[in-house]
Amino acid sequence: MPLSTSIPLAAGLVVLVLAGPAAAEAGKAEAPIPAATLALMAQKGVTAASPVLFRAYKKESEIEVWKKGRAGYVFIKTFPICRWSGQLGPKRKSGDRQTPEGFYTVPRRQMNPNSHYYLSFDVGYPNAYDRAHGGTGSAVMVHGICSSMGCFAMTNGTVGEIYAIARDALNGGQAAFQFQSYPFRMTAENMARHRTDPNIAFWRELKVGSDRFEASREELQVSVVAGRYAFAPSRDPAIEAAVTTRRAVEEARMTALAEAGEPAVRTTYSDGGQNAFWAAYTARGGAVGDISRPEALAFAGQEVVVVPGHRAHRPVPDTVWASWAAPESGLSPRQMAGFVPVYERAPDPFGALVAPLPTRYSDALPSWLAAGLAGSGSGRPILAGSPGGLLASAEAL
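In this convention, every chain numbers its residues from 1, walking through the sequence in written order. Predicted model: local features are reported for residues with pLDDT of at least 70 only, side-chain atom pairs are reported and counted for 80 or more only, and whole-chain, interface and lining totals are derived from all residues. Heavy atoms throughout the structure, all of them, feed into the side-chain values; hydrogens and water do not.

**Details of the overall build of the chain**
For the purposes of this entry, the term helix denotes a DSSP run of H or I that reaches at least four residues, the term strand denotes a run of E that reaches at least two, and both are numbered from the N terminus. Secondary structure assignment for the chain yields 13 helices and 13 strands. Residue pairs at least 24 apart in sequence account for 67% of intrachain contacts in the chain once pairs closer than 6 positions are excluded. A 1.4 Å probe and the Shrake-Rupley method give the accessible areas. Residues count as covered only by the protein chains that appear here. Looking at the chain as shown, the accessible area adds up to about 20,000 Å², and 60% of this sits on carbon and sulfur atoms. In what follows, a contact means two residues having at least one pair of non-hydrogen atoms within 4.5 Å.

Now the structure itself:
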């Protein structure tokens, strides 16, 4: 998952807002991909004809564009979603206003150049997983016009560019493109925060696919086995090993976050949400056309804490537990029963990967102080300034 998308996103939004619709009505389905986006593709070593893949995140209200390069799919840019409806969680039946979550396939026949919503394509709901769970409904689209009844509603300008990107990939020989839809970015932090949500078992299935893509940068080969998503392994053993490692690390991180006191929340909506860019744009008087149920947006993304957070207890310093365990200590029989020193415990294979980095100097004072004393003993200063200045500098890290 790209960590820094603000520059391409902001640049693309400026173009979209200033340019308005992607092209004149008559030629909207044939409008070219903007030159700025083609330049982004060229920087990543791909072209307009390269295979494409889309990833949608409901809570963040974003759709990402990925293009296939020589070493796998590469991130190109992010589009803000103008409106989606319902709650976090999958779509189950026709009329529930839910925007679907899962892994979908879009062949050419699902592209609609004559849509009543400017331009659109059908994401392919219900897929095999949805049908296995009794899912009903149809015509779930990515479309123009900022109005949603279960769709990913964009503005006309953004859907015009998305449509052009998908069209040129299909024209370049791609038989169908994948559309991955998630409730939120599938980080260990988000999973830990939503660990008590009724949809968590389903979201854990989605995370398996998300982690596989993040580690492999290969299009997911998806099937449904016994009512659950299943993913074919990579043909490259090195890539498959990277996938296995990432899955193990992410599972360890989710467990560590929960044990460290990460609060558990439920995120609720009156009826769906909207990207913050479009909210700010319309608040300043910008026009995006009719917005469905604008009154509901005031109650979008309300977090209800189900399990309050707490700070994990810090480990007892060696000097303290040594005095407790001393033969003359009256505390040892009562407080030290079953105690195992750190150096005798089995090492955690993922400890170095999941442990949070120190955020304040005082959180790691013993190790840093020991290192500092060793440095000063060799005659090499650590930092210039008084001890107070050293502490202040460290606290700013």
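**Observations concerning the nonpolar core**
Buried Ala, Val, Leu, Ile, Met, Phe, Trp, Tyr and Cys residues that are joined via side-chain atoms within 4.5 Å together make up what is termed a nonpolar core. Working definition: with a 1.4 Å probe on protein chains only, accessible area under 20% of the residue-type maximum means buried, over 50% means exposed, and in between means partly exposed. The biggest cluster of nonpolar side chains holds 60 residues, and the ones touching the most others in it are Phe-54, Ile-63, Phe-121, Val-142, Phe-177, Phe-179 and Trp-203. Leaving out residues up to four positions away in the same chain, Phe-179 has contacts with Phe-54, Ala-56, Ile-63, Gly-102, Phe-103, Tyr-104, Val-106, Phe-121, Val-123, Val-142 and Phe-152. Membership of the second largest hydrophobic core comes to five residues, among which are Cys-82, Trp-278, Tyr-281 and Val-288.

**Examining the packing of aromatic side chains**
Two rings from Phe, Tyr or Trp (for Trp, the six-membered ring) form a pair when their centres sit within 6.5 Å of each other. Planes less than 30 degrees apart are called stacked, planes more than 60 degrees apart edge-to-face, and all others tilted. Going through the model one piece at a time under the given rule, you end up with 20 aromatic pairs. Geometrically, the ring pair formed by Phe-103 and Tyr-229 is edge-to-face, given 5.0 Å between the ring centres and 90° between the ring planes. Highlighted residues: Phe-103 in strand E4 (residues 102-107) and Tyr-229 in strand E11 (residues 228-231), separated in sequence by 126 residues. As far as the burial class goes, Phe-103 and Tyr-229 line up, both buried. Members of the aromatic cluster, connected to one another through ring pairs, are Tyr-57, Phe-103, Tyr-129, Tyr-182, Phe-202, Tyr-229 and Phe-231. Consider the ring centre and the ring normal. A charge sits over the ring if Lys NZ or Arg CZ is within 6 Å of that centre and within 35 degrees of that normal. Its guanidinium or amino end placed over the ring of Phe-202, Arg-92 lies 5.9 Å from that ring's centre, counting from NZ or CZ. Sitting above the plane of the Tyr-57 ring, Arg-185 keeps its charged end 4.2 Å from the centroid.

**Some points on the pattern of salt bridges**
For this document, the term salt bridge refers to a Lys or Arg side-chain nitrogen within 4 Å of an Asp or Glu carboxyl oxygen. Under the criterion given, the structure shown has 25 salt bridges. Ionic pairing is found between Asp-96 and Lys-91, a salt bridge with its closest N-O pair at 2.8 Å. What makes Lys-91 buried here is its relative accessible area of 5%. Between Arg-253 and Glu-189 there is a salt bridge, and its shortest N-O distance comes to 2.3 Å. Placement of the pair is Arg-253 in helix H7 (residues 237-259) and Glu-189 in helix H5 (residues 188-193), with a sequence separation of 64 residues. For Glu-189, a relative accessible area of 31% gives the class partly exposed.

**Some remarks on the side chain of Arg-83**
Secondary-structure assignment places Arg-83 in the loop between strand E3 (72-80) and E4. Summary of buried charges: Arg-83 has no salt-bridge partner, and the nearest side chain of opposite charge, Asp-271, is 4.4 Å away. Polar contact is defined as a pair of N or O atoms within 3.5 Å, subject to the rule that within protein one atom must be able to donate a hydrogen and the other to accept it, and that residues adjacent in sequence are counted only when both atoms are side-chain atoms. A polar contact is formed between the side chain of Arg-83 and the backbone oxygen of Asp-271, at a distance of 2.9 Å. Only 2.8 Å separates the side chain of Arg-83 from the backbone oxygen of Ser-292, close enough to count as a polar contact. Under this rule, positive means Lys or Arg and negative means Asp or Glu; His and the chain ends count for nothing.

**A closer look at the environment of Ala-42**
Turning to its location among the elements, Ala-42 is positioned in helix H2 (residues 35-43). Considering only alpha carbons, one finds Ala-42 and Ile-76, 34 residues apart in sequence, at a separation of 9.8 Å.

**Comments concerning unusual backbone geometry**
Of note, the amide linkage connecting Tyr-125 to Pro-126 takes the cis form, showing an omega dihedral of 0°. Among the structural elements, Pro-126 can be located in the loop between strand E6 (120-122) and helix H3 (128-132). Not every positive phi belongs to a glycine, and Tyr-118 is a case in point at roughly 75°. Relative to the helices and strands, Tyr-118 is located in the loop between strand E5 (111-112) and E6. Judged by relative accessible area, Tyr-118 falls into the buried class, the value being 4%.

**As for the sheet that holds E6**
Through backbone hydrogen bonds, the strands of a sheet pair up, either in parallel or in antiparallel fashion. Any two strands are treated as partners once DSSP identifies two or more bridges connecting them. In space, the four strands of this open sheet follow the order E5-E6-E7-E8, with mixed pairing throughout. Looking at which strands have only one partner, the edges of the open sheet turn out to be E5 and strand E8 (152-153).

**A few points about the sheet that holds E4**
Strand order in the open sheet formed by five strands is E3-E2-E1-E9-E4, and the pairing between neighbours is mixed. If you trace the sheet from one side to the other, it starts and ends with E3 and E4, each paired once. The average undirected angle you get between the axes of adjacent strands in this sheet is 25°. Across the sheet, helix H4 (residues 156-171) lies against strand E1 (52-57), strand E2 (62-69), E3, E4 and strand E9 (176-182), angled at about 145° from E1, the strand it touches most. Helix axes are fitted to C-alpha atoms over the stretch in contact, other axes to C-alpha atoms as well, and angles between N-to-C directions run from 0 to 180 degrees.

Shape descriptors only; they carry no functional weight alone.
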